[in-house]
Amino acid sequence: MKAIYHFGRYLLLIRSFFRSPEKLKVYWEQFLVESMDIGVGSLTIVVLISTFLGAVTTIQTSYQLTSGLIPKSVIGAIVANTSLLELAPTITSLVLAGKVGSSIASHLGTMRVTEQIDALEVMGINSSAFLIMPKIMASLVTFPLLVIMAAFLQIGGGLTAGHLTGQVNATDFIQGAREYFDPFQVTFMLIKAVTFGFIISSISSYQGFYTAGGALEVGQSSTRSVVYSCIILLLSDYILAQVLL
Amino acid sequence: MSIEVRNIRKSFGSKDVLKGIDFTFERGKVNMIIGASGSGKSVMLKCIVGLMKPDEGEILYEGKDFVGSPITEIRQIRREVGMLFQYSALWDSLTVEENVAFPLRMFTDWNKHQIRDRVNWCLDRVNLKDANAAFPAEISGGMKKRVGLARAIALNPKYLFVDEPNSGLDPLTASVIDQLIQELTTEFQTTTVVVSHDMNSVVNISDKIMFVFNGEKAWEGDKRQILRSGNPDLDKFVFVSDLIRRDIYDEKDTKNR
């Protein structure tokens, strides 16, 4: 019953974005600020995680391929495909759920409990549209860019690790990656990135926007935003794989 | 430019917080809602500005229904509203200047120079100088209240709402803020509604007072009548401080001489 209540309120919140929005110029400025926060602000963690994830995937795949009958190029194929299909969009998004999601929820939650959102409302500003829509739009734009970068870094990290450890040389790795490459995998990756971007930003915004209480509740909203975002993200990951592949 | 509330009721679960209050807030006057903590005065203020919806009753801005209107009309009325919140509610990611400029950027087509001139005028009006570039976290409580007031008057509001203007302030700063509220009310002829439990404010600036007790309007009048209200709950509230009694008697004595 509670889940239905929250889902209904979540839908109403999304609908409220389109009711009497104010000056587009101000929204555009907010969009740019949020894009910097979400996109540029997440670069370091995405670079670090993606590079090591690719390297570890290469080493572990190589460790499992003990048969001499399987060509080494298969390692490149597995790392590239796994990166495009799952690691880049899903793992990157799970990490961003922690970083971006908690940041959005705590920011909005703090604004709520310190009456900053009330101050916008009293002024006649559509506070949900002004505060949340730019965050969602920025996520829809920056998540795919971060995921594309993550995919390149994972494949690059895998190639480097394979080369440095002598598990697979660069030529074999690239040959395998190219041989089994299907352009739809990129489309699938981008669909996932956009979906996950929306899920994380909207759920976190919902949790933050409806925070009631004080500092303790802001922390709880932040935690809930990460937990719910991850659950819904993994559920939608399964549904997308089932439907599109 | 008055605000009228008629039979306003609000409950939270089984607890009735407002039990049918009627009152008219008059233009060009500082209308005060006083009462003890938990009496329902802040809920009433939130209902009047539309942050809460009353369960029953009407709120009329110049005769125009506020509660039943569609959200677009409510937002239109709100653009004529300025509000100073209890803890100022300044946007902490914006500087003082940006806070005051924000409503101007949202609702006017002014260029940067016009906006800056207006911001400086507003900050000057609340006696705040050289703080344009500071962030809210870098200024004192009294300065925050002034910035909040400057932001509230930026768009020349018809209605000014003030929630607990003196909470957390020393007596001297509190009196300066009170003075500003009174001056702005007279200067802009706003319908000013102040929620407070500070009797110093009542004595200093109120023109019309409503005493809320247990969610009901227990008394209304002006500061001279407050001593002879005959309401035991109000007497208990007012005469906690001997200073207030002396202040009002002194004022009466001076007039009688």
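Model, not experiment: these values are computed from the prediction.

Asks: Just to check I follow, could you spell out the pattern of salt bridges for this structure?
Replies: In a structure, side chains of opposite charge can pair up when their charged atoms sit close to one another. The final tally for this structure, using the stated rule, is 20 salt bridges over all chains. B:Glu26 is paired through a salt bridge with B:Lys208; the nearest N and O atoms lie 3.1 Å apart. Of this pair, B:Glu26 sits in the loop between β2 (15-25) and β3 (30-34) while B:Lys208 sits in strand β9 (residues 208-213), and the two are 182 residues apart along the sequence. A residue is classified by how much of its surface remains accessible, and B:Lys208, at 12% relative accessible area, is buried. It is possible to trace a salt-bridge network through shared partners that takes in A:Glu86, A:Lys192 and A:Asp237.

Asks: Mind showing me how you'd approach the interface of chain B and chain A here?
Replies: Bring the parts together and some accessible area is lost; that lost area is often taken as the interface size. Taken together, the contact pairs 25 residues of chain B with 20 residues of chain A. Buried area between chain B and chain A, both sides added, is near 2100 Å², and the carbon and sulfur share of it is 60%. Considering only the side of chain B, the residues that lose the most area to chain A are B:Arg75, B:Trp91 and B:Met106, jointly responsible for 30% of the buried surface there. Our enumeration of links across chain B and chain A arrives at 2 salt bridges. Residue A:Glu29 is joined to B:Arg105 by a salt bridge in which the shortest nitrogen-to-oxygen separation is 2.4 Å. Where chain B packs against chain A, one counts 5 residue pairs in polar contact (both at pLDDT 80 or more). Put simply, the parts of the chain that give the side of chain B that touches chain A at least two residues each are α1 (41-49), α2 (71-78), β6 (81-84) and α3 (96-107) of chain B.

Asks: Which parts of the structure should I look at to understand the domain arrangement of chain B?
Replies: All names here are of chain B. For chain B, the assigned domains read domain 1 (1-80 + 157-223) and domain 2 (89-156). The distance between the C-alpha centroids of domain 1 and domain 2 comes to 23 Å. Every contact between the two is made by 17 residues of domain 1 and, on the other side, 13 residues of domain 2. At the boundary of domain 1 with domain 2, total buried surface from both sides reaches about 1400 Å², with 70% on carbon and sulfur atoms. It is Arg 79, Pro 157 and Leu 180 in domain 1 that bury the most area against domain 2; as a group they hold 36% of the surface buried on that side. Summed over the shared surface of domain 1 and domain 2, the result is 2 salt bridges. For Arg 125, the salt bridge goes to Glu 187, with nearest N and O atoms at 2.7 Å. Viewed at the interface, domain 2 and domain 1 are joined by 4 residue pairs in polar contact (both at pLDDT 80 or more). Counting residues per element, the side of domain 1 that touches domain 2 draws most heavily on helix α6 (residues 171-188), which supplies 9 residues. Tallied by class, residues from the side of domain 1 that touches domain 2 come to 10 nonpolar, 2 polar and 5 charged.

Asks: In this structure, what is going on with the sheet that holds β2(B)? I would like to understand it.
Replies: Residue and element names in this part refer to chain B. One open sheet accounts for 4 strands, arranged β2-β1-β4-β5; its pairing is antiparallel. Strand pairing shows two members of the sheet lacking a second neighbour, β2 and β5 (64-65), which therefore form its edges. With 8 bridges joining them, strand β1 (residues 3-12) and β2 adopt antiparallel strand pairing. By the bridge assignment, Glu 4 is partnered in β2 with Thr 24.

Asks: Whenever I open this one, the nonpolar core confuses me. Can you help?
Replies: One recurring pattern in soluble globular proteins: nonpolar side chains tend to sit buried together. Residues B:Phe25, B:Ile59, B:Tyr61 and B:Phe161 are the most contacted members of the largest nonpolar core, which totals 82 residues. If one sorts the elements of this core by residue count, helix α6 (residues 127-165) of chain A sits on top with 12 residues. Domain assignment of the residues forming this core places at least three in each of domain 1 (1-80 + 157-223) and domain 2 (89-156) of chain B. Leaving out residues up to four positions away in the same chain, B:Phe25 has contacts with B:Ser2, B:Ile3, B:Val5, B:Asn31, B:Ile33, B:Met44, B:Ile48, B:Thr191, B:Val193 and B:Met210.

Asks: Help me out: how do you make sense of the packing of aromatic side chains in this one?
Replies: Under the counting rule described, the total for this entry stands at 15 aromatic pairs over all chains. Aromatic pair A:Phe7 and A:Tyr10: ring centres 6.5 Å apart, planes at 25 degrees, arrangement stacked. Of this pair, A:Phe7 and A:Tyr10 both sit in helix α1 (residues 2-16), 3 residues apart, which is roughly one turn of the helix. On the numbers, 4.9 Å between centres and 85 degrees between planes, the contact of B:Tyr61 with B:Tyr159 is edge-to-face.

Asks: What is the right way to read the pairing of β1(B) from this model?
Replies: Both faces of the sheet carry side chains from a regular strand, because those side chains alternate between them. All names here are of chain B. Counting the residues between successive antiparallel strands, the hairpin from β1 to β2 contains 2 residues, one of them, Gly 13, with a positive phi of roughly 65 degrees. As judged from the 5 bridges shared by β1 and strand β4 (residues 56-61), these two strands associate in the antiparallel manner. Across the sheet, the residue bridging to Val 5 is Ile 59, located in β4.

Asks: How do you make sense of the sheet that holds strand β10 (residues 216-221) of chain B when you look at a structure like this?
Replies: Paired through their backbone hydrogen bonds, the strands of a sheet run either parallel or antiparallel. Residues and elements named next belong to chain B. Pairing within the open sheet is mixed, and its 6 strands lie in the order β6-β7-β8-β3-β9-β10. Each edge of the open sheet carries a strand with a single partner, namely β6 and β10. Adjacent strand axes in the sheet meet at a mean angle of 15 degrees when their direction is disregarded. Note that β9 and β10 share 5 bridges and pair antiparallel. Within β10, the position partnered with Val 212 by the bridge is Lys 217. Contacts from α6 reach β3, β7 (159-163) and β8 (191-196), with the element oriented near 160 degrees to β8.

Asks: What's the story with helix α7 (residues 170-179) of chain A in this structure? I'm lost.
Replies: In an α-helix, one full turn covers 3.6 residues, which means residues spaced three or four apart are oriented alike. Residue and element names in this part refer to chain A. Among the residues of α7, Phe 173, Gly 176 and Ala 177 are the ones counted as buried. Down the axis of α7, the buried set is contained in an arc of 100 degrees. They therefore lie on one face. The outward face of α7, more than 90 degrees from its buried face, is lined by the exposed residues Thr 171, Arg 178 and Glu 179. Two or three places before Thr 171, at the opening of α7, Asn 169 has a side-chain oxygen 3.2 Å from that residue's backbone nitrogen.

Asks: Help me understand the packing of helix α3 (residues 43-64) of chain A against helix α4 (residues 73-113) of chain A, please; the structure alone is not making it clear to me.
Replies: The relative placement of two packed helices comes down to the angle between their axes together with the axis-to-axis distance. Residues and elements named next belong to chain A. Interaxial distance between α3 and α4 falls to 10 Å at its minimum, and their mutual angle equals 145 degrees. When the axes of α3 and α4 are compared, the crossing they make is right-handed. Contacts from Ile 45, Val 46, Ile 49, Ser 50, Leu 53, Gly 54, Thr 57, Thr 58, Thr 61 and Ser 62 of α3 reach α4 at Ile 75, Ile 78, Val 79, Leu 87, Ile 91, Thr 92, Val 95, Leu 96 and Lys 99. Considering only residue class, the contact of α3 with α4 consists of 11 nonpolar, 7 polar and 1 charged.

Rules behind the numbers
- Residues numbered from 1 in each chain as written.
- Chains lettered and ligands numbered in written order.
- Predicted model: local features only at pLDDT ≥ 70, side-chain atom pairs only at ≥ 80, totals over all residues.
- Heavy atoms only, no water.
- Salt bridge = Lys/Arg side-chain N within 4 Å of Asp/Glu carboxyl O.
- Helix = DSSP H or I, 4+ residues; strand = E, 2+ residues; numbered from the N terminus.
- Buried < 20%, exposed > 50% of the residue type's maximum accessible area, 1.4 Å probe, protein only.
- Contact = heavy atoms within 4.5 Å.
- Buried area = accessible area lost by both parts, 1.4 Å probe.
- Polar contact = N/O pair within 3.5 Å; in protein donor to acceptor, adjacent residues only side chain to side chain.
- Domains from an automatic or database assignment.
- Nonpolar A, V, L, I, M, F, W, Y, C, P; charged D, E, K, R; others polar.
- Pairing = 2+ DSSP bridges.
- Core = buried A, V, L, I, M, F, W, Y, C linked by side-chain atoms within 4.5 Å.
- Phe/Tyr/Trp six-rings, centres within 6.5 Å; stacked < 30°, edge-to-face > 60°.
- Axes fitted to C-alpha atoms, helices over the stretch in contact; angles between N-to-C directions.
- Arc of directions from axis to C-beta.
- Left-handed = near helix turned anticlockwise from the far one by under 90°.

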